[in-house]
Amino acid sequence: MPITLLWAVDVYGRVYSLSTAGQRWERADDMLLELKRVTAGKGRCWGIGCDHHAYLNMMPSENPIRYREETYENQRWNPVDSFTDTLLPTDRWPWSDVAGVNPQPLHSFELPSRSWEWEGDWYVDQSCGGEPSQTGGWEYAVDFPANFSPDKKWNSCVRRRRWIRYRRYIAQGTWAKIPLDNPRKPPLPLCDISCGGWEMSDQSGRYPYLWGVSQQGQVWFREGVHPRVPEGSSWEEVDAPKEVAQLSAGPGDLLWAVLWDGSLLVRTGLSLDSPTGTSWAEVESPGKEAEASHVAVGASVVWVVTKDYKVWFRRGVNSHNPCGSGWISIGGEMITVDVGLNDQVWAVGEDRGLYFRIGVTSSEPSGNGWIPVSARWGRSREIVPPRNEHEAGGELNKVSQGAVLRCSDSDSEGPADPPHGTRDAPVLEAAAPSVVPLGGTDTPPSLLKTEAPPSASQQDAPKPFIPASDSFINSLISDRDKTATPQHSISEEGEDPSPAPVLPTPEAVGHGVPWMNVDLEGAEVARSAQAADGGACATYALGTLETPQGVGEEDGPVWSWISGGGCDVDASSQISWLSPTGPLTSSLSLTPVQSAAWSEQQQQQRRRRDEISKKPLERSNSVWVRKGPLRWWRDWKPQRWVDVAVALEQSTEAGGAKDSIFFVYYMQYDEKKYLHVFIHEVTALVPVLRDGLYAFALYTAQRTRQRWPLVLAAQSQKDMNDWLSLLSDCCCECRGIAGLPSRQAIWSTTSKGDIMVHEPSFALEVTAHTPPCDLMFWRQVPGHLRGVESNSLGLVWGIGWDGTAWAYSGRYGRQLTSAGDAVELHQQTDVRSVHLYENQRWNPMTGYTDKGLPTDRPMWSDESGLKECTKGNTHPPSPQWSWVSEWTVDDNVTGGTDKEGWQYAADFPVTFHGHKTIKDFVRRRRWTRKCKITLRGPWKQVPPIALSDISLMPCLTQSRMDQIPVWALSDKGDVLCRLGVSSQNPAGGSWLHVGTDQPFKSISIGGASQVWAIAKDGAVFYRGSVSLQNPAGECWYHIPSPARQTLRQLSVGRTSVFAVDENGNLWYRQGLTPSYPQGSAWELISNNVTKVSVGPLDQVWIIADGVPGFTAETPGAVCHRAGVGPMQPKGLSWDYGIGGGWEHVSVRGNSVEAPRAPRAPHPPQVGPPRSPLLAPPPAQVNGNAVGV
């Protein structure tokens, strides 16, 4: 751990620093310096002097702080004098900045303050553009402004060269006054200052921002603070709605302020682009009667001290919610607090002592107790023992700065002499009033009688000591019902420091110790009382210091301010002056009642811990399931992959219920941070395509709404599968999902080819109070398909990217066994093509060439032309795929091609055609290459025809069918009907060809054997006379398409038909009746639709092209049509669910209806029920019952 400093200021304005590797406070070298308060950052400390000016102390480092001043000498050529500094009136200045806007002659440069010195004189930069030049540093150009180069040409009419001079910052390690702004108006006298913001950037050496508050309540921001300009350049006023009394800036983007009326303000909109923020938000004070007096801000914490010295912690504070959510009361009475590095908390107590909050971690940001900062002060101080134990009178050794502490014999229980071992438990209160002589040092006090010389251990033990240097300290601690602050004797040089004292509660000290006020004004009365009693007292004389002490410094500093912004400690740091022998749960200024209450609370916590430790191991509350390394896609700027450590923790509640938490630990600015996700909140675990890595995305309901999944990547396919399996099992366990997908499951596929299922509930299709789609839980099924179709009889078919048909071979309702034989796995392969486009433009000289215009698309690109794709940098979709062919020209392109595969158009991007015309200036052709994936899944191949579309007849829950109608289209557009398909034989027996006069591209069968299809030219057809007895039907009926639209996909439900056109519009077919099943007209419902699926209850689900408001998300989102019912078949609105690369959805197996109250009494059922669901009413088609 690097050596860092803790800064503090006493009531006299003296500045002290305490090193994490040291043992004593060190006072600033400038003995005349007096500061009101300080604010520290990494490697620097700012302060406000008694003159209300800002001061800066930069820590010494090996690298000097140097700043380069530069100016440009400009000349123009004329025929008489050649190049001269006589320029045209419209030219730039003869000496100017690089832009030529501001004049900068050499003599105009001055040092900004006395903290700088020149390293040398001005000299010419002999390099041009980073390359050595032989032209004397001159750069030539045609005119101002233009591109300069070191080469002199015949038309070079102007030239310039750069002059450089360095200045060095020489005030490192000392306090330097910040110069006033000139010529700008400086801020009014400052009363508060705070630095922060160095963690807004990923650069570890990011410079901090500085904020200030003037005595008039104005807020100021220091501009120009930079590693090479530590002082900054000028002050900028930030408007505030009210007068500000104090503010605090965190290392990130948090800034809080306290107003003079005790209310709080929060600055919002802080970022690298807007370091001063955008607006203020007001936050209520912790209590109605307790007004805030001081605020301290960390990376993600806020602490507040109210005017009654109570400490409060603000919960729920982060970058997304800078205002937080509520207040938590913290024990202790403090004057000020400060949040340092790692969100560690420092404080100045009401007794003017310094304290540190122990137990502050990322998981427990409020900590669990206060301990004093017990470092020594001064240069050398030793304990002087009594001269002789038999002396009853005489004089003490004469000391110049000494003080005498006289303690009477204790009246409390226990021996009169202090026992050995008091080092670990110092006594905080004397049994009788402690007496401290207030007399001057000129008159030596009388020697008091001693009973016995103290032992060695007694000499080393810290002794109770009450600071009493002057009347100011007397006023601080008089008239208070508080405990006096112990001051410890300083051991000799080289002696090991004693551990920090831990303040015991009254039970630890003893019941005989009274709690009292300490009134130093009554010292003479106490001395007289002791003289009258003749009580002997032990006398300890403190030796003199080697150097004179300042006013009020004899008894240790009386603190007024502390800053830990530059002190790098955490809860696990081993610091000598932060090493308590036991936890301290209250500050020195706590009342006896509070101390007793906290002592009892600690005893109860210890008893609870003892009880937990006695429980058997198998009943432990948490157990780590797995830990390992992954990579995390950090999706805020700068976006990149970050190496992280992940862990899955599983916990068991009292009732036996299990829940798990998934943690992602990452490093930011050398600080360990984490993200966490509750497993019961996870809604999907989806493999994704990212940079050719083995990546997957984790969704929750909130992340789905925000379109902000947690994306992780593994090192290998096995690691990713192991994590997906483990996380998926935990998700299913906490949701009570086991076994294979049910018959009512909703199936979907992603654009990557992964298969996902969702188990629907009764409320999914309820018209009122429908649960939102972002709460749906999706789990993965092994396999790889382009699309999946299902029905409620347990039949599931899929089509691969190569057109191969697959039938699901799983058995519904069975539980997974330990042997894993619940489902038969088969080898499954899939082949898909990867495309890229070669683009060319015509020019009169060479014809078509790959030299395009600057505004053209890349000459090798994707279909959109937005992304450059070459043969060399184009890879398979994921590492699971492998190439199985070489790049070839693809002539199977919409619009046709010529003999060489080219398509022509007038310009990019317009519609391309397959023949060249005189107006065609651009052309393109598509290259294709095939890749293959091989895996195992519960899918059985259906040979031998490649398919392009498939549809299964939807059924209600209690339907029974021996033969299930299955219609499909071959990859050539032929219409096929599969025979022999049943629940026992899901693959069927053979194909039956259905004649057509043109190829088709989409087909769907609905309730009552309604078969609809779309031809490749967009024409719509209805197949008549289809029944179970005549599965192929009789003839096709042509149905008009929507005006000026070409349909490409449709889906038929029980009583409704929806279709999608080439422009992404969704259409509804009106007027469907049993007597006229073709319907009457098309009605436009919505746009932004890629695919539609209509279920057996006429529910409507789609794959939306995008989610409104999230243009950056990958196209493809699952979306549900809300409000669909018998009286409103078109629905009312869209409910967007999971998205980002989803290809297909099928709701045709979901026939789950919510339970309904029976309309009339039914006779009692005989025998066991056939289904746990209530029997739905007969299916209706526009009011007429239809058998399904």
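Residues numbered from 1 in each chain as written. Predicted model: local features only at pLDDT ≥ 70, side-chain atom pairs only at ≥ 80, totals over all residues. Heavy atoms only, no water.

Trainee: Please explain the overall build of the protein chain as it appears in this structure.
Mentor: Helices and strands together make up the secondary structure of the protein chain, namely seven helices and 75 strands. The buried share among the 1188 residues of the protein chain stands at 51%. Of all intrachain contacts in the protein chain linking residues separated by at least 6 positions in sequence, the fraction that spans at least 24 positions is 60%. With the model as given, the accessible surface of the protein chain reaches about 56,800 Å², and the carbon-plus-sulfur share is 51%. (Helix = DSSP H or I, 4+ residues; strand = E, 2+ residues; numbered from the N terminus. Buried < 20%, exposed > 50% of the residue type's maximum accessible area, 1.4 Å probe, protein only. Contact = heavy atoms within 4.5 Å. Areas by Shrake-Rupley, 256 points an atom, 1.4 Å probe, with all protein chains shown as cover.)

Trainee: How should I be thinking about the nonpolar core in this particular structure?
Mentor: A general trend in soluble globular proteins is that nonpolar side chains are found buried together. Among the nonpolar cores identified, the biggest contains 36 residues, and Trp797, Trp967, Val975, Phe1000 and Trp1036 are the most heavily contacted of them. Elements with a minimum of two residues in this core: strand E47 (796–799), strand E48 (805–808), strand E57 (947–952), strand E58 (966–970), strand E59 (975–979), strand E60 (990–994), strand E61 (1000–1005) and strand E62 (1011–1015). For this core, the element with the highest residue contribution is E58, accounting for four residues. Core analysis: the second largest hydrophobic core is formed by 27 residues, Val682, Met720, Leu726 and Cys730 among them. (Core = buried A, V, L, I, M, F, W, Y, C linked by side-chain atoms within 4.5 Å.)

Trainee: Is there a simple way to think about the pattern of salt bridges in this case?
Mentor: Applying the stated rule across the entire model yields 31 salt bridges. Close ionic contact of aspartate 890 with arginine 926 constitutes a salt bridge, the shortest N to O distance being 2.5 Å. Here arginine 926 lies in strand E55 (residues 922–937) and aspartate 890 lies in strand E53 (residues 888–890), a separation of 36 residues in the sequence. Linked by salt bridges that have partners in common, Arg68, Glu70, Asp125 and Arg162 make up one network. (Salt bridge = Lys/Arg side-chain N within 4 Å of Asp/Glu carboxyl O.)

Trainee: Could you clarify how one ought to interpret the sheet that holds strand E30 (residues 354–358) in this entry?
Mentor: With antiparallel pairing, the seven strands of this open sheet are ordered in space as E25-E26-E27-E28-E29-E30-E31. Edge positions in the sheet fall to strand E25 (292–297) and strand E31 (369–372), since each has one partner strand and no second. When strand polarity is set aside, the average angle formed by the axes of neighbouring strands in this sheet is 40°. Bridge count between E25 and strand E26 (residues 302–306): five bridges; the pairing is antiparallel. (Pairing = 2+ DSSP bridges. Axes fitted to C-alpha atoms, helices over the stretch in contact; angles between N-to-C directions.)

Trainee: What am I meant to see in the pairing of strand E29 (residues 345–349) here?
Mentor: If a strand is regular, its side chains alternate between the two faces of the sheet. Counting buried positions along E29 yields five of five residues, so the element is predominantly enclosed. Neither face of E29 is exposed, since Val345, Ala347 and Gly349 on one face and Trp346 and Val348 on the opposite face are all buried. Pairing geometry for strand E28 (residues 326–339) and E29, over five bridges, is antiparallel. Opposite valine 337, over in E29, you have alanine 347 as the bridge partner. Relative to E30, E29 runs antiparallel, the two being bridged by three bridges.

Trainee: What is the right way to read the packing of aromatic side chains from this model?
Mentor: Any two aromatic rings considered together are summarised by their centre-to-centre distance and by the angle between their planes. Scanning the model with the defined rule gives 36 aromatic pairs in all. With a centroid separation of 5.1 Å and an interplanar angle of 65°, the aromatic rings of tyrosine 808 and tryptophan 939 are classed as edge-to-face. You can see tyrosine 808 sitting in strand E48 and its partner tryptophan 939 sitting in strand E56 (residues 939–942), a full 131 residues away along the chain. Across the pair, exposure class does not vary: tyrosine 808 and tryptophan 939 are buried alike. Through successive ring pairs, a cluster of aromatic residues spans Tyr16, Trp25 and Trp559. The ring of tryptophan 902 is capped by arginine 923, whose NZ or CZ atom sits 3.9 Å from the centre of that ring. When the ring centre of phenylalanine 912 is taken as origin, the NZ or CZ atom of arginine 924, which lies over that ring, is 4.2 Å away. (Phe/Tyr/Trp six-rings, centres within 6.5 Å; stacked < 30°, edge-to-face > 60°. Lys NZ or Arg CZ within 6 Å of the ring centre and 35° of its normal.)

Trainee: Quick question: what am I supposed to make of the sheet that holds E56 here?
Mentor: Strands pair in a sheet through their backbones, by hydrogen bonds, and they do so in one of two ways: parallel or antiparallel. The strand order across the open sheet built from four strands is E46-E47-E48-E56, with neighbouring strands paired in antiparallel fashion. Each edge of the open sheet is held by one strand with a lone partner, namely strand E46 (787–790) and E56. Going from strand to strand, the sheet's axes swing by 30° on average, the running direction of each strand aside. For E47 and E48, the ladder comprises three bridges, and the chain directions are antiparallel.

Trainee: Would you take a moment to explain the pairing of strand E39 (residues 671–678) for this structure?
Mentor: Judged from the eight bridges that link them, strand E38 (residues 658–668) and E39 form a sheet pairing that is antiparallel. The partner of isoleucine 661 across the bridge, within E39, is phenylalanine 678.

Trainee: Would you take a moment to explain the side chain of arginine 779 for this structure?
Mentor: Looking at where arginine 779 falls in the secondary structure, it is placed in strand E45 (residues 779–781). Engagement of the side chain of arginine 779 in a polar contact is seen with the side chain of glutamate 759, the distance being 3.2 Å. When sequence neighbours within four positions are dropped, the list of residues in contact with arginine 779 reads Ser728, Cys732, Ile737, Gly739, Leu740, Pro741, Ile755, Met756, Val757 and Glu759. (Polar contact = N/O pair within 3.5 Å; in protein donor to acceptor, adjacent residues only side chain to side chain.)

Trainee: Just checking my understanding: could you explain the environment of serine 300 for this structure?
Mentor: Inspection of the secondary structure puts serine 300 in the loop between E25 and E26. Residue class for serine 300 comes out partly exposed when judged on its relative accessible area of 35%. Sequence spacing of serine 300 and asparagine 342 is 42 residues, and the spatial spacing of their C-alpha atoms is 9.7 Å. Setting aside chain neighbours within four positions, we find serine 300 in contact with Leu254, Val317 and Asp343.

Trainee: Looking at this model, I keep getting lost on the confidence of the model for the protein chain. Mind explaining?
Mentor: Caution applies to low-pLDDT parts of the model: their predicted coordinates are not meant to be read in detail. Across the protein chain, the average pLDDT comes to 77, with 75% of residues at or above 70. Across residues 612–622 the pLDDT falls below 50, and counting only partners more than four positions away or on other chains, this stretch makes six contacts in the model. (pLDDT = per-residue confidence, 0-100.)

Trainee: I keep staring at the environment of phenylalanine 908 and nothing clicks. Help me out?
Mentor: Inspection of the secondary structure assignment puts phenylalanine 908 in the loop between strand E54 (902–905) and E55. Residues phenylalanine 908 and threonine 855 lie 53 residues apart in sequence; the distance between their C-alpha atoms is 9.7 Å. Discounting residues that sit within four places of it in the chain, phenylalanine 908 has contacts with Asn839, Gln840, Arg841, Asp856, Arg857, Val922 and Arg923.

Trainee: Help me understand unusual backbone geometry, please; the structure alone is not making it clear to me.
Mentor: Glycine aside, a negative phi is what most residues show, and trans is what most peptide bonds show. In this structure, proline 909 follows phenylalanine 908 across a cis peptide bond, with omega equal to -15°. Note on placement: proline 909 falls in the loop between E54 and E55. The omega torsion of the bond from proline 943 to proline 944 falls at -5°, within 30 degrees of zero and hence cis. Positive phi values are uncommon outside glycine, yet arginine 352 reaches one of about 70°. Here arginine 352 is to be found in the loop between E29 and E30. The exposure class of arginine 352 is partly exposed, given its relative accessible area of 21%. The backbone of aspartate 691 sits at a positive phi, close to 55°, despite the residue not being glycine. For aspartate 691, a relative accessible area of 58% corresponds to the exposed category.

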